[in-house]
Amino acid sequence: PADSTLLFGVNLGGHAARATLHGDGGRIRQENFRATAYASALPTPLTFIDAAIYGGFSDYTVNRHQASPLQPAARATANADTTGFDAGASLRAGLFLPLGLFMFTPHVGLEYTHAEVDAFTENAKHRTGADLAEDFTADALHLSRLNQDSLRAQIGGALSCQASLISHVGVRLSLNFSYARELLDTKTKIHARFADNANNAGGGAPAFFDTRVVSTAQDIVQVGPSLEFAFSPNTTLTIGYTYGSDLRDQTANRIHAAFHLRF
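Residues numbered from 1 in each chain as written. Predicted model: local features only at pLDDT ≥ 70, side-chain atom pairs only at ≥ 80, totals over all residues. Heavy atoms only, no water.

### A few points about a nonpolar patch on the surface
A grouping of Leu 99, Leu 101, Phe 102, Leu 159, Leu 175, Phe 177, Val 223, Tyr 241, Tyr 243 and Ile 255 is seen on the molecular surface, where their side chains present a nonpolar patch of about 960 Å² in accessible area. Those elements that place two or more of their residues in the nonpolar patch are β14 (170-182) and β18 (235-245). Looking at the element boundaries, Phe 177 is found in strand β14. (Patch = residues over 30% accessible without salt bridge, like charges linked within 9 Å, V, L, I, M, F, W, Y side chains within 5 Å. Areas by Shrake-Rupley, 256 points an atom, 1.4 Å probe, with all protein chains shown as cover. Salt bridge = Lys/Arg side-chain N within 4 Å of Asp/Glu carboxyl O. Helix = DSSP H or I, 4+ residues; strand = E, 2+ residues; numbered from the N terminus.)

### So, the side chain of Asp 219
Within the secondary structure, Asp 219 is located in strand β17 (residues 219-232). For Asp 219, a relative accessible area of 11% corresponds to the buried category. Side chain to side chain, Asp 219 and Tyr 179 meet in a polar contact 2.4 Å long. Among the polar contacts made by the side chain of Asp 219, one reaches the side chain of Arg 181 at a distance of 2.8 Å. (Buried < 20%, exposed > 50% of the residue type's maximum accessible area, 1.4 Å probe, protein only. Polar contact = N/O pair within 3.5 Å; in protein donor to acceptor, adjacent residues only side chain to side chain.)

### Observations regarding the packing of aromatic side chains
Throughout the structure, instances matching the rule amount to four aromatic pairs. Between Phe 33 and Phe 57, the ring centres sit 5.6 Å apart and the planes meet at 35°, which makes this aromatic pair tilted. With Phe 33 in strand β2 (residues 26-41) and Phe 57 in strand β3 (residues 47-67), this residue pair connects regions lying 24 residues apart in the sequence. Seen in terms of ring centroids, Phe 48 and Phe 96 are 5.1 Å apart; in terms of plane orientation they differ by 45°. Their pairing is tilted. (Phe/Tyr/Trp six-rings, centres within 6.5 Å; stacked < 30°, edge-to-face > 60°.)

### Quick word on the pattern of salt bridges
Counted under the stated rule, the structure contains 10 salt bridges. Glu 116 is the salt-bridge partner of Arg 145, the closest N and O atoms lying 2.5 Å from each other. Taken together, the positions of Arg 145 in the loop between β12 (141-143) and β13 (146-164) and Glu 116 in strand β7 (residues 107-117) put the pair 29 residues apart, joining distant regions of the chain. The exposure class of Arg 145 is partly exposed, given its relative accessible area of 43%. For Glu 116, a relative accessible area of 17% puts it in the buried group. Two residues, Asp 210 and Lys 189, come together in a salt bridge whose shortest N-O distance is 3.6 Å. A residue pair is termed long-range when its members are at least 10 positions apart, and Asp 210 in strand β16 (residues 209-214) and Lys 189 in strand β15 (residues 187-194) qualify at 21 residues. Via salt bridges that share partners, Glu 116, Asp 118 and Arg 145 belong to a single interconnected network.

In structure tokens form, the structure reads like this:
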């Protein structure tokens, strides 16, 4: 810490995620590793300001399902592996409001993120079986490099209470909640073509086609509990669960854990 009201630090972490596509369309797995530099200030005893910049890289595994034209319930798959990176910055300001045994910390903030996914070509899998009216293979695609910019405004807070366990281990139980609104375009342009000539009527090099898909939700609501164990003023362990919804038809469940060592 620089002084009693200003803190600088670096955070290293990673997470794994899995998304299921609509209509049994397949799934996408992501493993992300990120480094964050942050600063936190206490302008007054009851106010705080947090700022951070971060960058990371990801490994993706894509498994896309394609229905048989004669038996829509049957699926063939097209698989691919690729990588990507993301970078961004965030700024948040809030209050400490004591409520008897509880502490309420409302906040508002902004977060900007730029993310890119490298180009990749799918490997189509042949589907056979006695239960099928025909054998068929998924149409493998080649996708050009993707990029997306996001700027989110957020309002949220946490209601927490603290206690002490044996050996002077402090425990803080919190209920966290937030609402975020996307301020930029929620759609991403996909530039793709078939990986071979099988679906190219012209017989020449496969032609590219463009489409726009929703890649980020317009609204996101998140709520969930967390439990923090403080073994010393500079050593903490936090575990928690978060449920998220886009207020339409997409939901997310996240379990997270973090170990913090300040020096």
